[in-house]
Amino acid sequence: MEEKDSKTMISVKHLSKKFGDVTVLKDINLDIKEKEVVVIIGPSGSGKSTILRCLNHLETPSGGEIVIDGIKLEEGANLNAIRREVGMVFQRFNLFPNMTVLQNIMLAPMQVRGKSKEEAKEKAMRLLKRVGLEHKADAMPDELSGGQQQRVAIARALAMNPKALLFDEPTSALDPEMVKEVLDVMKSLAKEGMTMVVVTHEMGFAKEVGDRVMFVDGGLIVEEATPEEFFSHPKNKRTQDFLSKIL
Ligand code: ADP
Ligand code: MG
């Protein structure tokens with residue numbers, strides 16, 4: 001495993017989130033270093049998506065503090081700035097259906113970053129090449145397979161030069177034969193030093209690519225360890241139960 005920088009990219013202290021009377025996140029504490037790959041696993045409904053959504057402020061936290069690359073995430077002025085810095089890849093690829101692949105990738109750099117069309121296109125083509133889809137630049141999303149759409153979604157997120165990328169079960173909606181092509185792109189990003197938080201059920205990915213694995217249950221991180229330790233010696237009873245069901 002390559003040497004990771006010691007700079008903190010994402011810091012979360014005492015994050016809580018309620019929906020109405022229901023407390024979904026209780027007390028989440030995270031410290032993610034630059035270039036680190038953190039894998040979050042846990043049962044359905046445990047709060048994994050809500051954690052990611054709070055990190056790029058698709059949800060407003062009920063309490064606690066989130067700091068991204070030294071910038072405190074608060075209501076108001078810097079919210080959009082933060083959203084620009086943290087990219088997100090969803091389970092359902094969420095490409096704009098009425099735009100070509102190329103237009104999907106060019107849109108935010110032009111609209112949000114004020115890039116010229118030429119610059120945005122040049123970068124989009126570079127990113128499409130990186131995910132192996134330069135030949136699909138002029139295709140519409142519905143002409144692509146699920147795996148291809150997800151790779152475009154990753155290219156689109158990268159087009160904003162994010163400081164970190166969040167993945168919410170990026171392969172869960174894919175047919176099995178398409179999972180690998182998406183995981184391979186994610187692996188190469190990890191190798192290149194992208195800071196990543198990945199919610200996934202792909203335990204092979206967690207073992208191979210993760211620097212740390214966190215197990216979330218009931219709105220709390222109940223266990224956190226290196227993949228080696230996590231999978232060979234889970235300490236928490238709930239982690240043991242969960243792993244015994246899925247491994
Ligand atoms: P996971 O991603 O681990 O499956 P989620 O973070 O999606 O879990 O959801 C955690 C809990 O929060 C679930 O009980 C879910 O029903 C609830 N929840 C999520 N989003 C909302 C919302 N917008 N309104 C009300 N409840 C929500
Ligand atoms: Mg989820």
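Reading the values: rules and limits
- Residues numbered from 1 in each chain as written.
- Chains lettered and ligands numbered in written order.
- Predicted model: local features only at pLDDT ≥ 70, side-chain atom pairs only at ≥ 80, totals over all residues.
- Heavy atoms only, no water.
- UniProt positions renumbered as here; feature names shortened; annotations may be inferred.
- Helix = DSSP H or I, 4+ residues; strand = E, 2+ residues; numbered from the N terminus.
- Expected span 1.5 Å × (residues − 1).
- Contact = heavy atoms within 4.5 Å.
- Near = heavy atom within 4 Å.
- Polar contact = N/O pair within 3.5 Å; in protein donor to acceptor, adjacent residues only side chain to side chain.
- Areas by Shrake-Rupley, 256 points an atom, 1.4 Å probe, with all protein chains shown as cover.
- Nonpolar A, V, L, I, M, F, W, Y, C, P; charged D, E, K, R; others polar.
- Buried < 20%, exposed > 50% of the residue type's maximum accessible area, 1.4 Å probe, protein only.
- Axes fitted to C-alpha atoms, helices over the stretch in contact; angles between N-to-C directions.
- Parallel < 35°, antiparallel > 145°, perpendicular 65-115°, else oblique.
- Left-handed = near helix turned anticlockwise from the far one by under 90°.
- Salt bridge = Lys/Arg side-chain N within 4 Å of Asp/Glu carboxyl O.

Named according to an unreviewed UniProt entry, the protein is Glutamine ABC transporter, ATP-binding protein GlnQ originating from Parasutterella excrementihominis YIT 11859. Taken from UniProt, the Sequence similarities (unreviewed entry) comment for the protein reads in full: "Belongs to the ABC transporter superfamily."

**Q** I would appreciate a short explanation of helix α6 (residues 176-191) in the present structure.
**A** Helical periodicity: at 3.6 residues per turn, an α-helix aligns residues three or four positions apart in one direction. Taking 1.5 Å per residue, 16 residues should reach 22 Å; α6 reaches 24 Å between its end C-alpha atoms and fits that length. For α6, the secondary structure elements touched by its buried residues are β3 (37-41), α4 (117-130), α5 (146-158), β7 (164-168), β8 (195-199) and α7 (203-209). Remark: Gly193 follows α6 within two positions and exhibits a positive phi of approximately 100 degrees.

**Q** Looking at this structure, I do not really get the site of ligand 1. What am I missing?
**A** Close to ligand 1 lie Phe19, Val24, Pro43, Ser44, Gly45, Ser46, Gly47, Lys48, Ser49 and Thr50, which account for all nearby residues. Taking Ser46, its main chain carries an N or O atom lying 3.2 Å from an oxygen atom of ligand 1. Here an oxygen atom of ligand 1 and a side-chain polar atom of Lys48 are 2.8 Å apart. Contact with the protein chains removes 56% of the 560 Å² of surface that ligand 1 exposes when unbound. Here the shell around ligand 1 gets three residues from one element, more than from any other, and that element is helix α1 (residues 48-55). The residue makeup of the shell around ligand 1, split by class, is three nonpolar, six polar and one charged.

**Q** Looking at this structure, how should I read the pairing of β3?
**A** Looking along a regular strand, one sees the side chains alternate between the two faces of the sheet. The buried count for β3 comes to five of five residues, which makes it a mostly enclosed element. Neither face of β3 is open: one carries Val37, Val39 and Ile41, the other Val38 and Ile40, and all of them are buried.

**Q** What is the right way to read unusual backbone geometry from this model?
**A** Trans is the prevailing form of peptide bonds, just as negative phi is the prevailing case for residues other than glycine. The backbone phi angle of His57 is positive, close to 60 degrees, even though this residue is not glycine. In this model, Glu169 sits at a positive phi of 45 degrees, which is unusual for a non-glycine residue. As for its placement among the helices and strands, Glu169 is situated in the loop between β7 and α6.

**Q** Would you mind showing me how to read the packing of α4 against α5 here?
**A** Working note: a packed helix pair is described by the angle between its axes plus the distance between those axes. Running from N to C, α4 and α5 point in directions that differ by 135 degrees, and their axes come no closer than 9 Å. With respect to their mutual orientation, α4 and α5 come out oblique. Judged by the sense of rotation from one axis to the other, the crossing of α4 with α5 is right-handed. The segment α4 lies against α5, with Lys123, Leu127, Leu128 and Arg130 engaging Val152, Ala155 and Leu158. Grouping the constituent residues of the contact of α4 with α5 by class yields five nonpolar, no polar and two charged.

**Q** Whenever I open this one, the pattern of salt bridges confuses me. Can you help?
**A** In a structure, side chains of opposite charge can pair up when their charged atoms sit close to one another. Under the criterion given, the structure shown has 18 salt bridges. The salt bridge partner of Arg151 is Glu181, with a shortest N-O separation of 3.0 Å. Separated by 30 residues along the polypeptide, Arg151 in helix α5 and Glu181 in helix α6 bring together distant segments of the chain. The exposure class assigned to Arg151 is buried, which follows from its relative accessible area of 11%. Under the relative-accessibility criterion, Glu181 is labelled partly exposed at 24%.

**Q** How should the environment of Val222 be read in this particular structure?
**A** Structurally, Val222 is set in strand β10 (residues 220-225). As a C-alpha pair, Val222 and Asn236 span 14 residues in sequence and 7.2 Å in three-dimensional space. When near neighbours in sequence (up to four residues on either side) are disregarded, Val222 contacts Phe215, Asp217, Asn236, Arg238 and Thr239.

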